[in-house]
Amino acid sequence: MVAGAVEQVRAWQPRVPGIVEVFHARFIGHVYPMHAHNYWTLLIVDEGAVRYDLDRHEHGALGSVVSLLPPHVPHNGQAATAHGFRKRVLYLDDAHLPEALIGSAVDTPTFTDPLLHRRVRQLHATLTHRGEELEAASRLALIHDRLRDLLRGTDPTVRRADPGLAHRLRDLLDSLAAEGISLTEAAVVLHADPTHLIRAFSREFGMPPHQYLISRRIDLARPLLLGGMPARDVAAATGFHDQPHLIRHFKRILGTTPGQYARSAAAG
């Protein structure tokens, strides 16, 4: 392969508040010159390794590490070996990672933290599907939460449970199951921090809010399918992004497709 060739680049702007851009790339010989962003750069490397200079200090990133490059601070980057690297990047605004944390990120831009790494991978997987904005926003909130803990050195075990808030969120989701509500909107209605909402709900009910909402929508879809409504119309009536969105979750939860489920009623 020619040095500097790009095997794959994909970039998009998801409809998830806080994420400016998603960038996936496979580079062989490309060398980033010194540059700076207006946004936080959250980076994981899936193959190979990257070396970069940040604030005149050399750092590296490889498979088990999460790198967080702060805004306004110049950095460069290139493959650490001749085989190149494959990376996934999230560019994040400063709404939940304030500029006050830039100094800590300059001092410690890499984290060997399995929980953070897993959360970042899960968010990237979620972002590849349309209609999963609530799940993506929830996963991003937990990533912000973990990053703040790591940068500030705070202990997450001291947080308290809040069953009352969890039940109020469940009531809100039930009342808007088909219409849907964003995490930011729910936080405003309930006067709570988005991350606290997710933690409280998950602790009380054993699942995150987005998973509960999907299960409620499946409950709404089932009688419509059995009543003969086409799956495309059912998806629109119950809050799914489109028919494939309905099919994916219906099969995941019930082990069959909406079409097979509807035909079972006729066969019976």
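Because the structure is predicted, anything quoted here is derived from the model rather than measured.

Trainee: What is the right way to read the nonpolar core from this model?
Mentor: Taken as a class, soluble globular proteins show a tendency for nonpolar side chains to be buried jointly. Counting 64 residues, the largest nonpolar core has Ile19, Leu42, Leu127 and Leu197 as its most contacted members. The dominant element in this core, judged by the number of residues it contributes, is helix α3 (residues 133-152), at nine residues. Contact partners of Leu197, with chain neighbours within four places excluded, come to Leu165, Leu169, Leu183, Ala186, Ala187, Leu190 and Ala192. Ranked by size, the runner-up nonpolar core spans 11 residues in total, among them Ile218, Ala221, Ala231 and Val234.

Trainee: When you look at helix α2 (residues 114-127) in this model, what are you seeing that I'm missing?
Mentor: For α2, with 14 residues, the first-to-last C-alpha span of 20 Å sits near the 20 Å given by 1.5 Å per residue. Of the residues making up α2, those classed as buried are Leu116, His117, Arg119, Val120, Leu123, His124, Thr126 and Leu127.

Trainee: It is not clear to me how the pattern of salt bridges should be interpreted in this structure. Could you clarify?
Mentor: Think of it this way: side chains of opposite charge can pair up when their charged atoms draw near. Applying the stated criterion to the full structure yields 13 salt bridges. Here Arg26 ties to Glu47 by a salt bridge, and the two come within 3.8 Å at their closest N and O atoms. In this pair, Arg26 sits in strand β2 (residues 19-27) while Glu47 sits in strand β4 (residues 40-48), placing the two residues 21 residues apart along the sequence. A relative accessible area of 36% places Glu47 in the partly exposed class. Taking the shortest distance from any N to any O, the salt bridge between Asp145 and Arg199 comes out at 2.9 Å. Taken together, the residues Asp145 in helix α3 and Arg199 in helix α6 (residues 194-205) connect sequence positions 54 residues apart. By sharing partners, the salt bridges in this structure join Arg26, Asp46, Glu47, Arg86 and Arg88 into a single network.

Trainee: When you look at the packing of helix α4 (residues 163-175) against helix α7 (residues 209-226) in this model, what are you seeing that I'm missing?
Mentor: Two measures define how a pair of helices packs: the angle their axes make with one another and the distance between the axes. Running from amino to carboxyl end, α4 crosses α7 at an angle of 35 degrees, the nearest separation of the two axes being 10 Å. Considering the relative orientation of α4 and α7, their crossing is right-handed. In this structure, α4 uses Leu169, Arg170, Leu173 and Asp174 to contact α7, whose residues at the interface are Pro209, Tyr212, Leu213 and Arg216. Grouping the amino acids of the contact of α4 with α7 by side-chain chemistry returns five nonpolar, no polar and three charged.

Trainee: Teacher, can you tell me more about the pairing of strand β8 (residues 75-79) here?
Mentor: A regular strand places its side chains on the two faces of the sheet in alternate fashion. Counting buried residues in β8 gives four out of five residues, a clear majority hidden from the surface. Pairing between strand β3 (residues 31-35) and β8: three bridges, direction antiparallel. For Tyr32, the partnering residue across the bridge sits in β8 and is Gly77. Examined bridge by bridge, strand β5 (residues 50-54) and β8 share three bridges and lie antiparallel to one another. Looking at the pairing, Arg51 lines up with Gln78 of β8.

Trainee: Explain the side chain of His117 here, please?
Mentor: By the secondary structure assignment, His117 is in helix α2. On the accessibility criterion, His117 (9% relative accessible area) is buried. Sequence-distant contacts of His117, defined by excluding residues within four places in its chain, comprise Ile44, Gly63, Ser64, Val65 and Val66.

Trainee: Hey, could you run me through the sheet that holds β5 in this one?
Mentor: The strands that make up a sheet pair up through hydrogen bonds in the backbone, lying either parallel or antiparallel. Pairing within the open sheet is antiparallel, and its four strands lie in the order β3-β8-β5-β6. The outermost strands of the open sheet, each flanked by one partner alone, are β3 and β6 (57-61). When the angles between neighbouring strand axes are averaged without regard to direction, this sheet yields 20 degrees. As paired elements, β5 and β6 share five bridges and run antiparallel to each other. If you follow Val50 over to β6, its bridge partner there is Ala61.

Trainee: How should I be thinking about the side chain of Arg119 in this particular structure?
Mentor: Following the sequence through the fold, Arg119 ends up in helix α2. Put simply, Arg119 is tucked away with no salt bridge, and the nearest opposite charge, on Asp145, sits 5.2 Å away. When sequence neighbours within four positions are dropped, the list of residues in contact with Arg119 reads Leu142, Ile143 and Arg146.

Conventions we followed
- Residues numbered from 1 in each chain as written.
- Predicted model: local features only at pLDDT ≥ 70, side-chain atom pairs only at ≥ 80, totals over all residues.
- Heavy atoms only, no water.
- Core = buried A, V, L, I, M, F, W, Y, C linked by side-chain atoms within 4.5 Å.
- Buried < 20%, exposed > 50% of the residue type's maximum accessible area, 1.4 Å probe, protein only.
- Helix = DSSP H or I, 4+ residues; strand = E, 2+ residues; numbered from the N terminus.
- Contact = heavy atoms within 4.5 Å.
- Expected span 1.5 Å × (residues − 1).
- Salt bridge = Lys/Arg side-chain N within 4 Å of Asp/Glu carboxyl O.
- Axes fitted to C-alpha atoms, helices over the stretch in contact; angles between N-to-C directions.
- Left-handed = near helix turned anticlockwise from the far one by under 90°.
- Nonpolar A, V, L, I, M, F, W, Y, C, P; charged D, E, K, R; others polar.
- Pairing = 2+ DSSP bridges.
- Lys, Arg positive; Asp, Glu negative; His and termini not counted.

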